[in-house]
Amino acid sequence: VDPITSLLDSVSEKYEREGLSENKVSSSGIARMGGDSSTSYDAGTNHQSAPQWLLDDGPVEPESIGASGGMPPLVFSNSYRALPELGLRFTDAGASTFIGPMVPIFSRPARIFAGYLYSNLSDGWSSGAAVWHASQQIKQELGKEHPAWLSYGLRGYGTLALQYL
C-alpha cells in the first residue's frame with residue numbers, strides 16, 4: 001500500500017469512528033465536483049476558499065489533518081493542479097514536503113509518474129532528486145514532446161528521504 005492510500009484509509013477510518021466536527025470541516029458547499037481536488041464556496045463570506053480533496057465520504061482539508069496530528073511529513077497528490085492549489089496548505093499544516101502537478105495532467109501519465117516517483121523514493125532518493133529522476137524517466141518513456149515530464153514540482157524540503165522518517 002502506498003503512503004497516500006494509507007493516509008486516505010486512516011482519514012476514512014477516523015471519519016467512520018468520530019465523524020466530522022464542525023470546527024474541522026467548513027460548512028461550505030462544493031462548487032466543482034469531480035477529480036480529486038475541489039474548490040469550495042463559503043456562503044458566509046461570498047468568496048471562494050481554498051481547494052480540498054473530495055473523497056466519497058466527504059471533503060478532506062489539509063488543516064483538518066494537521067489539527068488532528070495526523071499529517072505525514074511527505075504528501076504526494078496527483079489531483080488537479082495539486083501543487084499550486086494544495087501545496088502551501090499542506091506545508092502550512094505541517095507536512096515537510098508536498099509533491100504534485102502544477103498543471104492538469106491526464107490519468108495515464110500521472111500514474112506513470114507516480115510509479116517512478118515511488119520507486120525512486122523506495123530506492124533511497126531524496127524527495128527532490130526523486131521528482132527530478134521521475135521526470136527524466138517519464139520524459140524517456142513518453143518523449144520530450146509530452147508535457148508530463150515538466151508538470152511536477154515540490155514544495156518544502158527536497159532533502160527529505162524515506163530513510164529519515
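Refer to the structure presented above.
Residues numbered from 1 in each chain as written. Predicted model: local features only at pLDDT ≥ 70, side-chain atom pairs only at ≥ 80, totals over all residues. Heavy atoms only, no water.

Caption draft 1: Broad picture of the overall build of the protein chain. Secondary structure assignment for the protein chain yields 5 helices and 7 strands. Reading the helices (α) and strands (β) of the protein chain from amino to carboxyl end gives α-β-β-β-β-α-β-α-β-α-α-β. Counting every position in the protein chain, which comprises 165 residues, the buried fraction comes to 38%. Considering only intrachain contacts with a sequence separation of at least 6, the fraction spanning at least 24 residues in the protein chain is 56%. Taken as a whole, the protein chain presents about 8900 Å² of accessible surface, with 53% of it coming from carbon and sulfur. (Helix = DSSP H or I, 4+ residues; strand = E, 2+ residues; numbered from the N terminus. Buried < 20%, exposed > 50% of the residue type's maximum accessible area, 1.4 Å probe, protein only. Contact = heavy atoms within 4.5 Å. Areas by Shrake-Rupley, 256 points an atom, 1.4 Å probe, with all protein chains shown as cover.)

Caption draft 2: View of the side chain of arginine 89. Considering the arrangement of structural elements, one finds arginine 89 in helix α3 (residues 82–92). The exposure class of arginine 89 is buried, given its relative accessible area of 13%. Here the side chain of arginine 89 touches glutamate 63 through a polar contact of 2.5 Å, side chain to side chain. (Polar contact = N/O pair within 3.5 Å; in protein donor to acceptor, adjacent residues only side chain to side chain.)

Caption draft 3: A look at the packing of aromatic side chains. Evaluated as defined, the whole model comprises 5 aromatic pairs. When the ring of phenylalanine 76 is compared with that of phenylalanine 113, the centres are 6.4 Å apart and the planes differ by 35°; the resulting orientation is tilted. Taken together, the residues phenylalanine 76 in strand β5 (residues 74–76) and phenylalanine 113 in helix α4 (residues 107–122) connect sequence positions 37 residues apart. Residue phenylalanine 76 shares its accessibility class with phenylalanine 113, and that shared class is buried. When the centroid spacing of 5.4 Å and the interplanar angle of 20° are considered together, the rings of phenylalanine 90 and phenylalanine 98 count as stacked. Since its relative accessible area comes to 0%, phenylalanine 98 is described here as buried. Linked through ring pairs, Phe76, Phe113, Tyr118 and Tyr152 together constitute an aromatic cluster. Sitting above the plane of the tryptophan 149 ring, lysine 139 keeps its charged end 4.1 Å from the centroid. (Phe/Tyr/Trp six-rings, centres within 6.5 Å; stacked < 30°, edge-to-face > 60°. Lys NZ or Arg CZ within 6 Å of the ring centre and 35° of its normal.)

Caption draft 4: The pattern of salt bridges, seen in detail. Within this structure, the stated rule accounts for 2 salt bridges. Glutamate 63 is the partner of arginine 89 in a salt bridge, and the nearest nitrogen-oxygen pair spans 2.5 Å. Note that arginine 89 is positioned in helix α3 and glutamate 63 in helix α2 (residues 62–67), a separation of 26 residues in sequence. For glutamate 63, a relative accessible area of 38% puts it in the partly exposed group. Arginine 81 serves as the salt-bridge partner of glutamate 85, at 3.3 Å between the closest nitrogen and oxygen. (Salt bridge = Lys/Arg side-chain N within 4 Å of Asp/Glu carboxyl O.)

Coordinates in, geometry out; function isn't part of it.
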